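One letter stands for each residue in the lines below.
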Amino acid sequence: MDKIDYAIIRALQQDGRLTNQELAERVNLSPSPCLRRLRNLEKSGVITGYAAQIDPHKYGLAVTLFARITLDQHNREVVTRFERAVQDMDEVMECHLLTGSADYLLRIMVADLDDYNRFMREELHEVKGIAAIDTAFAFGEVKKQMVYKGI
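Note that this is a predicted model, so its numbers are computed, not measured.

When the terminal C-alpha atoms of helix H3 (residues 31-43) are compared, their 18 Å separation across 13 residues agrees well with the 18 Å that a helix rising 1.5 Å per residue should span. Every buried residue of H3 is listed here: Cys34, Leu38 and Leu41. Projected down its long axis, H3 carries its buried residues within an arc of 60 degrees, all on one side. Exposed and facing more than 90 degrees away from the buried side of H3 are Ser32, Arg36 and Lys43. Trailing H3 by a residue or two, Gly45 shows a phi angle of about 90 degrees, which is positive.

Within a regular strand, the side chains alternate between the two sheet faces. Strand direction decides the pairing type here: strand E1 (residues 63-71) and strand E3 (residues 104-110), joined by seven bridges, are antiparallel. Bridging across to E3, Arg68 finds its partner in Leu105. Of the strand pairs in this sheet, E1 and strand E4 (residues 130-138) are connected by eight bridges, and their pairing is antiparallel. Note on E4: the bridge partner recorded for Ile69 is Ile133.

It is worth spelling out the environment of Tyr6 at this point. By secondary structure assignment, the location of Tyr6 is in helix H1 (residues 3-14). Counting along the chain gives 142 residues from Tyr6 to Tyr148, while the straight-line C-alpha distance between them is 9.6 Å. Excluding anything up to four places from it in sequence, Tyr6 contacts Met1 and Ile151.

Analysis parameters
Residues numbered from 1 in each chain as written. Predicted model: local features only at pLDDT ≥ 70, side-chain atom pairs only at ≥ 80, totals over all residues. Heavy atoms only, no water. Helix = DSSP H or I, 4+ residues; strand = E, 2+ residues; numbered from the N terminus. Expected span 1.5 Å × (residues − 1). Buried < 20%, exposed > 50% of the residue type's maximum accessible area, 1.4 Å probe, protein only. Arc of directions from axis to C-beta. Pairing = 2+ DSSP bridges. Contact = heavy atoms within 4.5 Å.

Pasting the structure below:
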């Protein structure tokens, strides 16, 4: 990847609905080479997809929480069971493998506290192999950045 590829990615992170013509203008390329570079970024897996960003409150997901999960064992069976279960939970927006005292960090979005209670009792607590769940509610967002500007 070179500086033009990074510029293409930054431009699309800022506005994923740019036409190829608009994108080419922003990165100072003609449309054909720009499209070729874009397709190469997609084909190589650098660009993995496109998505609409939403306002969670307007969408009906007013509560965001983070749950640190500690497993009771770290064998293949327990880890695989947990990771497969999380894949099927619509409320889990992200799942990160951690170092330190907890094994995973989940970002969970739900409609309200009743929905959170249902999710915990009917879904997360049903996964065998979880030793501890430590949950923190997010009551505000200080920064959310979709564009990495360091390169």
